[in-house]
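Observations on the model geometry
Residues per chain, in single letters:
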Amino acid sequence: MAETTRTATLTIDGQSFDLPIHSPSVGPDVIDITKLYGQAGVFTHDPGFTSTSACESSITYIDGIKGELLHRGYPIDQLAEKSHYLEVCYLLLYGELPSAAELEIFESTITRHTMIHEQMHNFFRGFRRDAHPMATMVGVVGAMSAFYHDSTDINDPRQREIASHRLIAKMPTIAAMAYKYSIGQPFVYPRNDLSYAANFLRMCFAVPAEEYVIDPVLERAMDRIFTLHADHEQNASTSTVRLASSSGANPFACIAAGIACLWGPAHGGANQACLEMLKEIGTVDRIPEYIARAKDKEDPFRLMGFGHRVYKNFDPRAKVMKQSADEVLDLLGVEDNPLLQVAKELERIALEDSYFADKKLFPNVDFYSGIILEAMGFPTSMFTPIFAVSRTVGWISQWKEQLADPAMKIGRPRQLYMGETLRDYVEIEDR
Ligand code: SDX
């Protein structure tokens, strides 16, 4: 972080405290409060971290007002159009787009790490068949630290790199195995002659009885979904990975923590919740009833797939996702898919309604991804696992960046304590 001469002055009960202001390469300035408690004996208070910068990062930049998302400076719409997921993985991990030779080596490395230890297959058989695939992924990814001891030493840069490659490579295999186990079909091994996206589709949908024919439109749509979900600044699950890593936990444990956080319906679980909401609405004529519920302060119902902590404009990923949705549904001849009709009408009504316009509630990345995944044949329970597969590169890139940050220390927030003050124990006979 560059030295600064600019300061913000905080005055408390007539006493003033100067706090350094740091300027980013783009975006809001930050007020450095690291020394505030030592100087003024006060904490800042920001539940949900709506106004808090938790770290210095160079990976992803989001402008919520403009609806802009940059990965290492490159806009997401250009990456979605011109790049592909493994190239974006290289960009997030190493900071620059790879040369042709660098990309070939990286893709070959990832491809040859896609199998998991054969003994890990036993883990799946310990779960009920109807276990949510996210539960399986949390368990199996956490258990990777019990199998890959040669890449758990976070102080060894080479082990950090091998762990990064293993996680990116093995997540699709684990997610596909969780799906196959849930439907009682045999596991399908990865193949080294397929792209990352094609391998995942085949591991999910191939059966021993016949070869699975990969449709290039679906392969492209799958790769684009992976690309669009790869990283997103300091979202809840990435912050979870950073906090877990700050204690020195091994990479597999940190990523398992990220998967657990992503599962929530307010975060990565929103794509599943959005599809279930569209199915519950069922027909276009029932949309007004749900719009009214979303506005009702007494009703906890929210329009899943709408709104975002940062974007107060259209989520740039949703725009690209919407284009993919049209392509996939057109290919599958389901452009009159009733769910898509409800989704498109819900989007139209919500965007015209002043409640949503005033609160800047636009469709987010989860609004259309679920429709595409449903059309591709995935059950809603697989939507968040697919998000986790994609986001692993973002989590691991942020994990690597934090470990290399000399300012990194264990994350240990404080609190506004509103409980009882000191009091003596009361014997049970006196209560
Ligand atoms: C992801 O952080 C990331 O970057 C996440 C993510 C990523 O890539 O990692 O982008 C992925 O998680 C996308 C978001 C997916 N979640 C959903 O679609 C679930 C539905 N959305 C909401 O739960 C909500 O919009 C959040 C959680 C996404 C954001 O919540 P905030 O920023 O805490 O906003 P808020 O809850 O304070 O809401 C502000 C106002 C409130 O009304 P008031 O109290 O001001 O009167 O807007 C209302 C809310 O009631 N509101 C909604 C709404 N979202 C917010 N009302 C109806 N429907 C909604 N979806």
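Residues numbered from 1 in each chain as written. Predicted model: local features only at pLDDT ≥ 70, side-chain atom pairs only at ≥ 80, totals over all residues. Heavy atoms only, no water.

The next point concerns the overall build of the protein. Counting its secondary structure elements, the protein contains 18 helices and six strands. The globule rule puts the C-alpha radius of gyration for 431 residues at 22 Å, and the 23 Å found for the protein is close to it. Its C-alpha atoms give the protein principal-axis dimensions of about 75 × 65 × 55 Å. A fraction of 69% describes how many contacts in the protein between residues 6 or more apart in sequence connect residues 24 or more apart. For the protein, the computed accessible surface area is about 21,200 Å², with 53% contributed by carbon and sulfur atoms. Looking at the protein, you have 41 positive and 57 negative side-chain charges, and the mean spots of the two groups are 2 Å apart. (Helix = DSSP H or I, 4+ residues; strand = E, 2+ residues; numbered from the N terminus. Rg over C-alpha atoms; globule rule 2.2 N^0.38 Å. Contact = heavy atoms within 4.5 Å. Areas by Shrake-Rupley, 256 points an atom, 1.4 Å probe, with all protein chains shown as cover. Lys, Arg positive; Asp, Glu negative; His and termini not counted. Charge placed at Lys NZ, Arg CZ, Asp CG, Glu CD.)

With that settled, consider the side chain of Ser397. By the secondary structure assignment, Ser397 is in helix H18 (residues 383–403). Its relative accessible area of 3% is what places Ser397 among the buried residues. Ignoring anything within four residues of it in the chain, the contact list for Ser397 reads Ile59, Leu92 and Leu93. (Buried < 20%, exposed > 50% of the residue type's maximum accessible area, 1.4 Å probe, protein only.)

One pass over the structure, following the stated rule, counts zero disulfides. Cysteine Cys274 remains unbridged, with the sulfur of Cys261 as its closest cysteine sulfur at 19 Å. A relative accessible area of 0% places Cys274 in the buried class. (Disulfide = S-S within 2.5 Å.)

So, on to the packing of helix H12 (residues 270–281) against helix H17 (residues 365–375). Contact geometry of H12 with H17 gives a least axis separation of 8 Å together with a crossing angle of 75°. With respect to each other, H12 and H17 are oriented roughly perpendicular. Residue-level inspection shows Ala270, Asn271, Cys274, Leu275, Leu278 and Lys279 of H12 in contact with H17, the latter providing Asp366, Phe367, Ser369, Gly370, Ile371 and Glu374. Along the lines of polarity and charge, the residues of the contact of H12 with H17 split into six nonpolar, three polar and three charged. (Axes fitted to C-alpha atoms, helices over the stretch in contact; angles between N-to-C directions. Parallel < 35°, antiparallel > 145°, perpendicular 65-115°, else oblique. Nonpolar A, V, L, I, M, F, W, Y, C, P; charged D, E, K, R; others polar.)

The next point concerns the pattern of salt bridges. Under the defined criterion, the tally for this structure stands at 21 salt bridges. With a shortest N-O distance of 3.3 Å, Lys322 and Glu347 are connected by a salt bridge. Taken together, the positions of Lys322 in helix H14 (residues 316–331) and Glu347 in helix H15 (residues 338–352) put the pair 25 residues apart, joining distant regions of the chain. Residue class for Lys322 comes out partly exposed when judged on its relative accessible area of 28%. With a shortest N-O distance of 3.1 Å, Lys344 and Asp326 are connected by a salt bridge. A residue pair is termed long-range when its members are at least 10 positions apart, and Lys344 in helix H15 and Asp326 in helix H14 qualify at 18 residues. For Lys344, a relative accessible area of 31% gives the class partly exposed. (Salt bridge = Lys/Arg side-chain N within 4 Å of Asp/Glu carboxyl O.)

Next up on the list: the site of the ligand. Lining the immediate surroundings of the ligand are 24 residues, of which His232, His308, Arg309, Arg317 and Arg391 lie closest. One of the backbone nitrogen or oxygen atoms of Ala266 is found 3.0 Å away from a nitrogen atom of the ligand. Measuring from an oxygen atom of the ligand, one finds a side-chain N or O atom of His267 at 3.0 Å. Residues of the shell around the ligand, tallied by class, amount to ten nonpolar, seven polar and seven charged. (Near = heavy atom within 4 Å. Polar contact = N/O pair within 3.5 Å; in protein donor to acceptor, adjacent residues only side chain to side chain.)

Within the secondary structure layout, Thr136 lies in helix H6 (residues 133–143). For Thr136, the contacting residues outside a window of four places in its chain are Phe124, Phe127, Ala131 and Ala178.

All right, on to the nonpolar core then. A general tendency of soluble globular proteins is for nonpolar side chains to be buried together. Formed by 112 residues in total, the largest nonpolar core has its most connected members in Phe200, Met222, Leu278, Leu303, Leu346 and Phe378. Residue contributions to this core peak at twelve residues, all from helix H7 (residues 157–182). Every residue in contact with Met222, bar those within four places of it in the chain, is listed here: Ala197, Phe200, Leu201, Leu373, Met376, Phe378 and Ile386. (Core = buried A, V, L, I, M, F, W, Y, C linked by side-chain atoms within 4.5 Å.)

Once that is clear, we can look at the side chain of Ser83. With respect to the helices and strands, Ser83 occurs in the loop between helix H2 (76–82) and helix H3 (85–94). Look at Ser83 and you get buried, because its relative accessible area is 6%. Here the side chain of Ser83 touches Glu87 through a polar contact of 2.5 Å, side chain to side chain. Each residue touching Ser83, except ones within four places of it in the same chain, is listed here: Gln78, Val88 and Arg220.

This next bit is on the sheet that holds strand E1 (residues 7–12). A sheet is described by the order of its strands in space; here three strands give the open sequence E1-E2-E3, paired in antiparallel fashion. Two strands bound the open sheet, and with one partner strand each, they are E1 and strand E3 (30–31). Strand direction decides the pairing type here: strand E2 (residues 15–22) and E3, joined by two bridges, are antiparallel. Within E3, the position partnered with Ile21 by the bridge is Ile31. (Pairing = 2+ DSSP bridges.)

This paragraph deals with the sheet that holds strand E6 (residues 74–75). Spatially, E4-E5-E6 is the arrangement adopted by the three strands of the open sheet, whose pairing is antiparallel. The open sheet is flanked by strand E4 (60–63) and E6, the only strands paired with a single partner.

As a further point, take the packing of aromatic side chains. A complete count under the given rule lists 20 aromatic pairs for this structure. Plain terms: the ring middles of Tyr85 and Tyr196 are 5.1 Å apart, the flat faces sit at 40° to each other, and that makes the pair tilted. With a gap of 111 residues between them, Tyr85 in helix H3 and Tyr196 in helix H8 (residues 196–205) connect regions that are remote in the sequence. Arg414 extends its terminal NZ or CZ atom over the ring of Tyr37, reaching a point 6.0 Å from the ring centre. (Phe/Tyr/Trp six-rings, centres within 6.5 Å; stacked < 30°, edge-to-face > 60°. Lys NZ or Arg CZ within 6 Å of the ring centre and 35° of its normal.)

These figures capture arrangement, not role.
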